[in-house]
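Letter by letter, the chains look like this.
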Amino acid sequence: MKSGYVFTSYLNSFRYLTVDADTLLRLAKDKPFSESFYRTQFARTAALLYVFAFEGLINRMAGQFLGDKDRDFAIENEKKFSTLDKLDFILERSPKSVGKMDKSSQQWRQLR
């Protein structure tokens, strides 16, 4: 296993990760955890799960919106791209019917 490597999954786990993150946040707010350090640990873990879910969602987008050639390129070079670079690539290479993201919008600037 390479240093810094977490895992590879062929199952897109976006939904599972967001449900788990939501559960951890709910636990952080409930007693007896709300007044202990566990609250911080649950919240930090939830934040990481949301980040992993976001990446899973972007990978699902690649599978849905990219053609075979572009999808193969993205998969082969996945480790070279940041999550937001993958999103840029998908939006640039996707069919016109998908639409383009306005990169000057507030939401896009907040991601950067």
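Residues numbered from 1 in each chain as written. Predicted model: local features only at pLDDT ≥ 70, side-chain atom pairs only at ≥ 80, totals over all residues. Heavy atoms only, no water.

J.: I would appreciate a short explanation of a nonpolar patch on the surface in the present structure.
T.: On the surface, a nonpolar cluster with roughly 270 Å² of combined accessible area is contributed by Leu48, Val51 and Phe52. Mapped onto the fold, Val51 is located in helix 2 (residues 38–65). On the basis of relative accessible area, Val51 is assigned to the exposed category, the value being 52%. (Patch = residues over 30% accessible without salt bridge, like charges linked within 9 Å, V, L, I, M, F, W, Y side chains within 5 Å. Areas by Shrake-Rupley, 256 points an atom, 1.4 Å probe, with all protein chains shown as cover. Salt bridge = Lys/Arg side-chain N within 4 Å of Asp/Glu carboxyl O. Helix = DSSP H or I, 4+ residues; strand = E, 2+ residues; numbered from the N terminus. Buried < 20%, exposed > 50% of the residue type's maximum accessible area, 1.4 Å probe, protein only.)

J.: What am I meant to see in the pattern of salt bridges here?
T.: Side-chain pairs of opposite charge can arise whenever the charged atoms involved come near each other. In the structure shown here, the tally under the stated rule is three salt bridges. For Glu55, the salt bridge is made with Lys86, and the minimal N-O distance between the two is 3.0 Å. Here the residue Glu55 occupies a position in helix 2, and Lys86 occupies one in helix 4 (residues 83–93), the gap between them amounting to 31 residues. Overall, the relative accessible area of 6% leaves Lys86 in the buried class. Across the pair Asp68 and Arg71 runs a salt bridge whose closest N-O atoms are separated by 2.4 Å. Of this pair, Asp68 and Arg71 are both found in helix 3 (residues 68–76), three residues apart, which corresponds to roughly one turn of the helix.

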